[in-house]
Amino acid sequence: MTDTAPDVTDELTAEGQPPVVHALGGAYEGASRIARETARWSAPIFSPDREINLDKQTIDARARDLIRNDGYMMGAVATHKDSIVGSHFILNSRPDYRALGLDETWSEEFQEEVESKFALWGESIDCWPDASGRNTFTGIIRLGLGTFVHSGEVVATAEWKRSVSRPFSTCVQLVDPDLLCNPDDRQDTERLRRGVEIDRFGEPTGYWFRLGYPNDLHLSANGYRWKHVPARKPWGRPQVIHIIEQMRPGQTRGVAEMVATLKEMRMTKRFNEITLQNAVINATYAATLESELPREAAYELIGAGAGASTGGTMAYMQQYMAALDAYYENASSIAIDGAKIPHLPAGSKLNLHSMGTPGGVGTEFEASLLRHIAASLGLSYEQFTRDYTKTNYASARASMSETWKYMQSRKRIVADRLATNIFSLWLEEAINKKIITSLPRNAPSMYENPLNRAAYTRCDWIGASRGQIDELKETQAAVLRINAGLSTREDEMARLGKDWRVTMRQLGREQRYMDEYNLSFNTEPTKPGTNSAYRGGEDNDEGSTE
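Here the structure is a predicted model, which means the values were calculated and not measured.

A. Looking closely at empty space enclosed by the protein. For the structure shown, the criterion picks out 1 cavity of 30 Å³ or more. Taken as a whole, the largest cavity encloses approximately 110 Å³ of empty space. For the largest cavity, the full set of lining residues is His80, Leu145, Phe148, Val149, Gly152, Ala256, Glu257, Met258, Ser376, Leu377, Tyr406 and Arg410. When contributions to the lining of the largest cavity are tallied by element, the ones reaching two or more residues are α6 (137–151) and α12 (393–432). Taken together, the residues of the lining of the largest cavity break down into 7 nonpolar, 3 polar and 2 charged.

B. Region of the structure containing the packing of helix α2 (residues 56–69) against helix α3 (residues 71–84). Two elements in contact, α2 and α3, have axes separated by 5 Å at closest approach and are oriented at 100 degrees. Classed by the angle they form, the pair α2 and α3 counts as roughly perpendicular. Along its contact with α2, which presents Leu66, Ile67, Arg68 and Asn69, the element α3 presents Gly71, Met73, Met74 and Val77. Grouping the amino acids of the contact of α2 with α3 by side-chain chemistry returns 5 nonpolar, 2 polar and 1 charged.

C. Inspection of the layout of surface pockets at higher detail. If you add up the space inside the second largest pocket, you get close to 820 Å³. Lining the second largest pocket are 31 residues, with Tyr207, Arg232, Val240, His242 and Arg417 sitting closest to its centre. Of all elements in the fold, only β5 (196–198), β6 (204–210), β8 (240–244), α12 and α13 (450–457) reach the threshold of two or more residues within the lining of the second largest pocket. Ranked by the residues each element gives to the lining of the second largest pocket, the list is headed by β8, at 5 residues. Residues of the lining of the second largest pocket, tallied by class, amount to 12 nonpolar, 10 polar and 9 charged.

D. Region of the structure containing the side chain of Gln251. Relative to the elements of secondary structure, Gln251 occurs in the loop between β8 and α7 (262–284). Look past the residues within four positions of Gln251 in its chain and what remains in contact with it is Pro48, Asp49, Ile52, Ile244, Glu245 and Gln246.

E. Inspection of the sheet that holds strand β2 (residues 153–160) at higher detail. Overall, antiparallel pairing links the 3 strands, which are arranged β3-β2-β8 in an open sheet. Whereas interior strands pair on both sides, the edge strands pair on one side only; in this sheet they are β3 (170–175) and β8. Recorded for the sheet is a direction-independent mean angle of 25 degrees between the axes of neighbouring strands. α6 contacts β2, β3 and β8 of the sheet and is inclined by roughly 145 degrees relative to β2. Its contacts with the sheet place α12 against β2, β3 and β8, and it is angled at close to 165 degrees to β8.

Calculation notes
Residues numbered from 1 in each chain as written. Predicted model: local features only at pLDDT ≥ 70, side-chain atom pairs only at ≥ 80, totals over all residues. Heavy atoms only, no water. 1 Å grid on protein atoms, 1.4 Å probe; cavity = no way out; pocket = protein on both sides within 12 Å on 5 of 7 lines; lining within 4 Å. Points joined across faces, edges and corners; volume = space filled by probe spheres on them. Helix = DSSP H or I, 4+ residues; strand = E, 2+ residues; numbered from the N terminus. Nonpolar A, V, L, I, M, F, W, Y, C, P; charged D, E, K, R; others polar. Axes fitted to C-alpha atoms, helices over the stretch in contact; angles between N-to-C directions. Parallel < 35°, antiparallel > 145°, perpendicular 65-115°, else oblique. Contact = heavy atoms within 4.5 Å. Pairing = 2+ DSSP bridges.

Right, here's the structure in full:
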């Protein structure tokens, strides 16, 4: 049996012509090697670590440089910190009492005791959680999150500092990602990826840290020394906290999302600088003089020529202007409201320049650049630029909702993981020191099973409040969710950045004072100028989604 080639004439196009068969590429236009738009598009095909590690130091340095010198970028980092962490990162302990074989009553006692003692340790003005003694627990989380924005990773080491002034020896040391690198600046190997030792599955087993910066002004040998730190102690206590969000399986080091628009950020900054420089130059010259005289004569006319003092043209103009001055000396029509009007020679014009808005800044072109950058940072254009002049209620709610989803994912991936790791380190020491008194004698040990550690340290974190555009409408929506059983007071108070237990205790104290002094207050939300309860559907703003 012989094979015969397929007859391409059997498959004809609508015009009756045989289909075009490309010599290079498959069925995807994006992979075409002969199309004009993609012929010179040579995308690198590297492993995940090679993609990042070759340029890691450069892209991190450029990202930091933009944050230092660009107000928009500095504001974007601050927005991430304020929208995720806020002013106080609060522990909400949720031990899994069922997995531990304990009851719910114990769980309530454990939660209140752990939250109270952890808050005292974490938010002390002595900054006990920080090995450097500079940041509170909330400050550590904010600093770690800011590092993640410009480097794509958070690196910290668990330290043990014994001191009579410290109630706990546990503390953490945040580490600059630049210091996590291969010893002696060696190339990556199969088991060593830019300072991270991995096993055959890719799990980190150890880390290499440079002890100093080689380009410091003070010449120290630490810039050429490295320290190896195991990922965990033999009994499972973490020694290094390394948080990244992988873009591809097998990725060892992190990369910031803002890297995708580093070039656009740089060009936008230069665009604004050049535009402002142009505006400054235009504003420097209040007026320009146009004249039909030759260049030398025009220079002499304004007193800038080489022969300004002796030139014939200048002498002539002086005589001419003196004659005009004598003629107009007593003429009242040459002054209007005290403002003098100069009389120029024939063929000369005096153009006055007003300082207007510099072209480019504040235009749609600049807005399109800023929208592109804002998208890479997970922010809406309004939040990135602080420009709400063209925003109505509906669009503001929509942009805030999208940004909130992004911020919640970052909170869960970065801030919550870093905080839970620190809480786990502290709780281990607190239990071993018998400081947690709510544990019964039959409570299982954290070391018997890794699940026990996870059960004891299970928790949520209350960060920044979501923010409200229309407090009345959003409060009514929260009340409806609670009354309909779609949400809880704990969840709604967490949206406001509050601890529900603290709030309930405070409400109880206030109620007792109200009963003691026979006080009562109207709790019905009323619209100003009316005597009836305000219903959100009766007077919605234009563009509202309600």
